[in-house]
Amino acid sequence: KNSRILCPQLKHLVMSAEEAAKLISPGANVGMSGFTGAGYPKAVPGALAERIRAHNAQGGKPFRINVLTGASTAPELDGKLAEVDGIEMRLPFQSDPICRDRINSGTMNYADYHLSEVAQYAWSGFFGKMDIAIIEVVGIREDGSLIPSSSLGNNKTWIEQADKVILEVNYKQHERLEGMHDVYYGAALPPHRKPIMLTEPNQRIGDLYLRCPIEKVVAIVETNAPDRNTPFKQPDDASRRIAEHILAFFEREIKIGRLPKELLPLQSGVGNIPNAVLEALDTGPYKNLTAYTEVIQDGMLKMLKSGTLQMASATAFSLSPEGLAEFDENIEFYREKILLRSQDISNHPEVARRLGIIATNGMIEADIYGNVNSTHIMGTRMMNGIGGSGDFARNGYLSIFMSPSTAKGGKISSIVPMVSHVDHTEHDVKIIVTEQGLADLRGLSPRQRARSIIENCAHPDFKDQLHDYFERACASGRGMHTPHLLNEALSWHERFEQTGDMK
Ligand code: 0RQ
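Given the structure is predicted, the values throughout are model-derived calculations rather than measurements.

(A) Quick peek at the overall build of the protein chain. Check the secondary structure of the protein chain and you find 17 helices and 26 strands. In terms of C-alpha radius of gyration, the protein chain reaches 23 Å, essentially the compact-globule figure of 23 Å for 503 residues. Each of the three principal axes of the protein chain carries a C-alpha extent, and together these read 75 × 55 × 45 Å. Looking at the protein chain as a whole, 57% of its 503 residues qualify as buried. Of the contacts made within the protein chain by residues no fewer than 6 positions apart, 74% connect residues no fewer than 24 positions apart. Total accessible area on the protein chain stands at roughly 19700 Å², and carbon and sulfur atoms take up 51% of it. The protein chain carries 54 positive and 62 negative side-chain charges, and their two centres are separated by 2 Å.

Shown next, in the form of structure tokens:
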């Protein structure tokens, strides 16, 4: 194979993952690449986990590190480090089952942040000093600059903030990813901040490559391993019906002139329902749509191919194995239509507001007044994290939240009197959709919203129970702005915890 390490001063730093892992000290703040299972380091985290396992088997002070990433990674990173109890603090997003267990059993600290904000937290020193960055790249250029991989995430920030950098050059990543990135170097902290000069999703405002001071690089590990590439499920009936309601809503909005026929730049969350919405859009009358989003999933590739979508800006790919095969085979086509940016730009509130994004994200539950819980099961157990949903929901032109109306075989209503945790407040949520229907909350007061959400979105098995709660709350003689029965508001969750059924 042809070497992808072209910088002469760096060639001598190639070593094994085990040797590189020795350069990471207990307690280190480690910034890693990786976003939604794309572009994460494949070898050093596993080698470090082995080192931690061996260290901890000897007793003494446990060896743990703080793991900061772009977003979720994969079993080779989060899974392996969590398995050996090697993570003291994890941020800003994860979706790994072993991590999740540790977080929810209280043996791992987790801090869940708006993804757009993580870089500026690091620049401001809010996370403390960054010790080391571990970054997957496609290659190292002669001048030491880096060809980014299948995600950009916080890589620019980790390289800038860390004292030392370990690079993983992954030969599995397509060489023609080169040129698909736009790394913005104009950001600053207040009071020196300037506008982000982006008025169209397809504009370039940055560099093709990541800058990396040669003297910071302490190790280079060569890998040849695929990204996580989680398969998508075929859209189920509920996802298809959710997608139909959203499409019908778009049609009405276009007809009355509140949306252009090319819609507005789309942001689409990860998961099966957002993917089903993309697939449905692809069968509709749409042409030349744009996306200003976080991740490119299979649905977006299909839309690019058919011309439904003209271009997509994101920070990462999140493709199934088939999606990746399609992308690799037709990379010359896709590379003209996809731009990957750092996550502080892909999710930038200023840009989301200016472009007027249509944000579509999944949720765990919503309450009758339109507050949304995206992260916590029964108010206490972390699922994944808020991710980018808050960046887009608050700042977008439309924020749509979607979920099947029930979970766990109908035992849980995803429409409840009061959400057990709030990620998106009633002020940030414009549309709620379940397979039952769509509630358009724009311009409605809390009591009007409650009627609309119960009527349109609740499952028939829970509708009477919700109406009953709401009517009794209205008759309680307490405040009539947002009527609640405070001793009952969370009783549905409590009943589920006690009996396994909200009914
Ligand atoms: O659990 O697998 O154990 O059965 O939650 O639910 O229906 O498969 O939905 O995969 O689309 O995830 C909100 C978690 C939805 C996701 C969430 C249980 C359900 C199942 C998953 P099981 P589904 P999805 C940009 C946008 C935040 C981040 C975000 C998410 C599991 O969309 O993480 O938006 N969002 N990022 O059974 C108890 C309820 C439940 C429930 C579902 N009401 N009560 N359990 N479940 N509803 C991308 C990034 O930021 C990177």
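After presenting the structure, the write-up continues.
(B) Broad picture of helix 3 (residues 75-83). Looking at helix 3, one finds that the buried residues are Leu77, Asp78, Gly79, Leu81 and Ala82. As for helix 3, its buried residues are in contact with strand 1 (29-32), helix 2 (44-57), strand 2 (65-68), strand 3 (87-91) and helix 4 (97-105). Positive backbone phi, approximately 55°, marks aspartate 85, located one or two places after helix 3.

(C) Focus on empty space enclosed by the protein. Applying the stated criterion across every chain, the model contains one cavity of 30 Å³ or more. A volume near 50 Å³ is recorded for the largest cavity. Sorting elements by how many residues they give to the lining of the largest cavity places helix 8 (residues 272-283) first, with four residues. Grouping the amino acids of the lining of the largest cavity by side-chain chemistry returns seven nonpolar, three polar and no charged.

(D) Layout of the packing of helix 8 against helix 9 (residues 298-306). Running from N to C, helix 8 and helix 9 cross one another at 15°; their axes reach a closest spacing of 8 Å. As judged from the angle between their axes, helix 8 and helix 9 are roughly parallel. Viewed along their axes, helix 8 and helix 9 form a crossing whose handedness is left-handed. Mapping the contact onto sequence places Asn275, Leu278, Glu279, Leu281 and Asp282 in helix 8 and Asp298, Gly299, Met300, Lys302, Met303 and Ser306 in helix 9. Of the residues contributing to the contact of helix 8 with helix 9, the split by class is four nonpolar, three polar and four charged.

Each value, and the rule that gives it
Residues numbered from 1 in each chain as written. Predicted model: local features only at pLDDT ≥ 70, side-chain atom pairs only at ≥ 80, totals over all residues. Heavy atoms only, no water. Helix = DSSP H or I, 4+ residues; strand = E, 2+ residues; numbered from the N terminus. Rg over C-alpha atoms; globule rule 2.2 N^0.38 Å. Buried < 20%, exposed > 50% of the residue type's maximum accessible area, 1.4 Å probe, protein only. Contact = heavy atoms within 4.5 Å. Areas by Shrake-Rupley, 256 points an atom, 1.4 Å probe, with all protein chains shown as cover. Lys, Arg positive; Asp, Glu negative; His and termini not counted. Charge placed at Lys NZ, Arg CZ, Asp CG, Glu CD. 1 Å grid on protein atoms, 1.4 Å probe; cavity = no way out; pocket = protein on both sides within 12 Å on 5 of 7 lines; lining within 4 Å. Points joined across faces, edges and corners; volume = space filled by probe spheres on them. Nonpolar A, V, L, I, M, F, W, Y, C, P; charged D, E, K, R; others polar. Axes fitted to C-alpha atoms, helices over the stretch in contact; angles between N-to-C directions. Parallel < 35°, antiparallel > 145°, perpendicular 65-115°, else oblique. Left-handed = near helix turned anticlockwise from the far one by under 90°.

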